[in-house]
Amino acid sequence: MAGTVSGRDFALGIVVGAVAALVLGAALFAAVLRTTDIYSLGHWKLNLRTPFNSMWMNLGYWKTSDGQPVQHFDEACLGLLREILTTAGILGRSSADDCGAKSRGAVSVLDLGFGCGDQTLALARFIQPRSWQDFRYVGLTLNGSQLQTASRTLYRELASASDSQALNQASFKLFRANAAKPTSWDAAIRDAVHALADEQFAERWLVALDCLYHFSPSRKPIFQLAAQKLDANVMAFDLILNEQASWKDTLLVRIVGLMMSCPLHTFLTEDQYKDQLVECGYDRDQIVIRDISGSVFAGVASYLQRQDEALSQYGISIGGFKLAGRLFDWFDRSKVVKAVIVVGRTKVKSL
Ligand SMILES: C[S@@+](CC[C@H](N)C(=O)[O-])C[C@H]1O[C@@H](n2cnc3c(N)ncnc32)[C@H](O)[C@@H]1O
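Cut-offs applied
- Residues numbered from 1 in each chain as written.
- Predicted model: local features only at pLDDT ≥ 70, side-chain atom pairs only at ≥ 80, totals over all residues.
- Heavy atoms only, no water.
- Helix = DSSP H or I, 4+ residues; strand = E, 2+ residues; numbered from the N terminus.
- Rg over C-alpha atoms; globule rule 2.2 N^0.38 Å.
- Buried < 20%, exposed > 50% of the residue type's maximum accessible area, 1.4 Å probe, protein only.
- Contact = heavy atoms within 4.5 Å.
- Areas by Shrake-Rupley, 256 points an atom, 1.4 Å probe, with all protein chains shown as cover.
- Lys, Arg positive; Asp, Glu negative; His and termini not counted.
- Charge placed at Lys NZ, Arg CZ, Asp CG, Glu CD.
- Salt bridge = Lys/Arg side-chain N within 4 Å of Asp/Glu carboxyl O.
- Near = heavy atom within 4 Å.
- Polar contact = N/O pair within 3.5 Å; in protein donor to acceptor, adjacent residues only side chain to side chain.
- Nonpolar A, V, L, I, M, F, W, Y, C, P; charged D, E, K, R; others polar.
- 1 Å grid on protein atoms, 1.4 Å probe; cavity = no way out; pocket = protein on both sides within 12 Å on 5 of 7 lines; lining within 4 Å.
- Points joined across faces, edges and corners; volume = space filled by probe spheres on them.
- Disulfide = S-S within 2.5 Å.
- Core = buried A, V, L, I, M, F, W, Y, C linked by side-chain atoms within 4.5 Å.
- Pairing = 2+ DSSP bridges.
- Axes fitted to C-alpha atoms, helices over the stretch in contact; angles between N-to-C directions.
- UniProt positions renumbered as here; feature names shortened; annotations may be inferred.

**Quick look at the overall build of the protein**
Argument step 1. When you go through the protein residue by residue, the secondary structure sums to eleven helices and seven strands.
Argument step 2. Taking 20 Å as the expected radius of gyration for a compact globule of 351 residues, we find that the protein reaches 26 Å, considerably beyond that expectation.
Argument step 3. Along the three orthogonal principal directions, the C-alpha set of the protein runs to about 100 × 50 × 40 Å.
Argument step 4. Out of the 351 residues belonging to the protein, those deemed buried represent 45%.
Argument step 5. In the protein, the proportion of contacts linking residues at least 24 apart, taken out of those at least 6 apart, comes to 77%.
Argument step 6. Approximately 19300 Å² of the protein is accessible, and the part contributed by carbon and sulfur atoms is 56%.
Argument step 7. For the protein, the distance from the average position of its 36 positive side-chain charges to the average position of its 34 negative side-chain charges is 4 Å.

**Looking at the side chain of Asp283**
Argument step 1. Checked against the element boundaries, Asp283 lands in the loop between α9 (270-280) and β6 (288-291).
Argument step 2. Summary of buried charges: Asp283 has no salt-bridge partner, and the nearest side chain of opposite charge, Lys347, is 6.4 Å away.

**Notes on the site of the ligand**
Argument step 1. The environment of the ligand is made up of 20 residues, and the closest members are Gly113, Gln119, Gln146, Asn178 and Ala179.
Argument step 2. With respect to the ligand, the side chain of Gln146 contributes an N or O atom lying 2.7 Å from an oxygen atom.
Argument step 3. Backbone polar atom of Ala179 to a nitrogen atom of the ligand: 2.9 Å apart, as the coordinates give it.
Argument step 4. The protein chains hide 90% of the 600 Å² of surface that the ligand would expose on its own.
Argument step 5. Broken down by class, the residue content of the shell around the ligand amounts to ten nonpolar, nine polar and one charged.

**Quick word on empty space enclosed by the protein**
Argument step 1. Scanning the model with the defined rule gives one cavity of 30 Å³ or more in all.
Argument step 2. Counted as a void, the largest cavity has a volume near 30 Å³.
Argument step 3. The wall of the largest cavity is formed by Ser108, Val109, Leu110, Leu196, Arg204, Trp205, Leu230 and Ala232.
Argument step 4. Looking at the lining of the largest cavity, the elements with two or more residues in it are β1 (107-112) and β4 (203-209).
Argument step 5. Sorting elements by how many residues they give to the lining of the largest cavity places β1 first, with three residues.
Argument step 6. Classifying every residue of the lining of the largest cavity gives six nonpolar, one polar and one charged.

**Thoughts on the layout of surface pockets**
If a probe as big as a water molecule is rolled over the atoms, it shows which places are left empty.
Argument step 1. Estimates place the volume of the second largest pocket at around 430 Å³.
Argument step 2. Lining the second largest pocket are 21 residues, with Asn53, Ser54, Met55, Asp118 and Thr153 sitting closest to its centre.
Argument step 3. Contributions of two or more residues to the lining of the second largest pocket are made by α2 (73-87), α4 (118-127) and α5 (144-160).
Argument step 4. A breakdown of the residues in the lining of the second largest pocket according to their chemical character gives nine nonpolar, five polar and seven charged.

**Thoughts on the state of the cysteines**
Argument step 1. Using the criterion set out here, one finds zero disulfides in the structure.
Argument step 2. The thiol of Cys116 is not disulfide-bonded; the next cysteine sulfur, from Cys77, is found 11 Å away.
Argument step 3. Look at Cys116 and you get buried, because its relative accessible area is 8%.
Argument step 4. Summary of cysteine pairing: Cys262 is not part of a disulfide, and the nearest cysteine sulfur, belonging to Cys211, is at 11 Å.

**With respect to the side chain of Thr153**
Argument step 1. By the secondary structure assignment, Thr153 is in helix α5.
Argument step 2. When neighbours within four sequence positions are excluded, Thr153 is seen to be in contact with Cys116, Gly117 and Leu121.

**Section: the nonpolar core**
Argument step 1. Core analysis: the largest hydrophobic core is formed by 63 residues, its most contacted members being Phe135, Met235, Phe237, Leu239, Phe297, Phe328 and Phe331.
Argument step 2. If we skip the residues at most four places from it in the chain, Phe237 touches Leu59, Leu80, Ile84, Ala208, Leu209, Asp210, Cys211, Ile292, Val296, Ala339 and Val340.
Argument step 3. Ranked by size, the runner-up nonpolar core spans 38 residues in total, among them Leu140, Leu206, Leu277 and Cys280.

**Here's the deal with the sheet that holds β1**
Argument step 1. Strand order in the open sheet formed by seven strands is β3-β2-β1-β4-β5-β7-β6, and the pairing between neighbours is mixed. Both edges of this open sheet fall to β3 (172-176) and β6, since each of them pairs with a single strand only. Across the sheet, the mean angle separating the axes of adjacent strands is 20° when strand polarity is ignored.
Argument step 2. Pairing between β4 and strand β5 (residues 233-241): five bridges, direction parallel. Bridge assignment links Val207 to a residue of β5, and that residue is Met235.
Argument step 3. Sitting on the sheet, α5 is in contact with β2 (135-141) and β3, with an inclination near 165° to β3.

**A closer look at the UniProt feature "transmembrane region" (unreviewed entry) in the protein**
Argument step 1. With numbering matched to this structure, UniProt assigns "transmembrane region" (unreviewed entry) to residues 12-33.
Argument step 2. A helix fraction of 100% and a strand fraction of 0% characterise residues 12-33, whose end C-alpha atoms lie 32 Å from each other.

Shown next, in the form of C-alpha cells:
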C-alpha cells in the first residue's frame, strides 16, 4: 500500500538533513584541525609591518659605486634608477658633481611603468627641482593595483612632509593607461601628457625603467610621441638582443619573450634600436646605449637564490621568481640579451 508524505513531514526531513550535514561538516573540520598543528610558521604574516619600506620591482644594478656587490633588492633597484640618471647626465658620478637644485631649470617627466611609488619619489628627489612649481611628473602604468599602491605611497609621503622643500601634490599625476598605445588614452591623460611640453619646462624627459620590452605592438608610438609632440629626451633601462647570439638562442629568447607577454620581435639589436630611435625623431649622434649586463643579470639571479633560501627557513617560497632567477642566470651565461641603459636626445633641442 503506497503511503502519502505530508508537506510538514517533507519540511521536517529537509531540516533534519541540513542539521545532520552541518554536524557532520563540523565534526570533519574539528578532526582536520586536531591533526594539524595550528602553531607552525604561518604567522610570519602577522609579523610584517605595513606599509612596506619599499615595493620596487626591477632587475637592479648590483654593484656599488666602488664596485662592491649590493646585497639588498631595494638598494639594487634604486641603484638602477641612479645609474640611468647618471648616464643621462642628470646626476654626477659623485654627489659633488650633481647639477642639483641651483643650476637646473624647470623639468617635466613622463614616467612609463612607474611601479608602486618608490620610483616616483626617488626620481623627484634625485632631480631636485629648484622649486616644486618647476617640476611636473606624469606616470602611466597598466596595472590598477600598482596605481593604487603608488598613489597611497605618494599621498602618505606628501602628508608627512612638513618643510618648504616638501613634495607638492600638484606636481604629480598618476594614471592607469597603456603607454604603448597613446591613441587609447582618454582626454584627461592626453591633456596631462601634452602639458609636459609647456614651454616653461626647458628640460623634458621620457623615463622607462624596465618596461619597454613589454610594449606591444612596439616602442615606436611612445618614442614618436615623446620626440615629436613633447620634444622630450629619453632615458631608459631595456633589454636588447646580442647581435652575436646563435639562431637557437635567438629563437629561444623570442619564445621566452612571448611567455613574458612581449611581442615576438621585442628584442632588437643595438643597431636596430638606434635606427628605431632615429626614425622616431632622436638624434643618431647623441644616442647612448650602455651595456651594463655585468652589473645586472648575475646579481639578480644570485639575489633570488639567496632570498629563496632565506625565506624557505620560514616555510615561504618565492614561487615563480625561482624560474625568473634561472632565466637571468641563462642571460648571464649565454649573453643572448644585453641589459642596457638607453639615452636619446631630440634633434631640435640638445640639453
Ligand atoms: C618590471 S616592472 C618595473 C616597475 C618599476 N619601473 C620599478 O622599477 O619598480 C614593469 C612595469 O611596467 C608596466 N607596464 C608594462 N607594459 C606597460 C604598458 N604598455 N603601459 C604602461 N605600463 C606598462 C607593468 O605594469 C609593470 O608595472
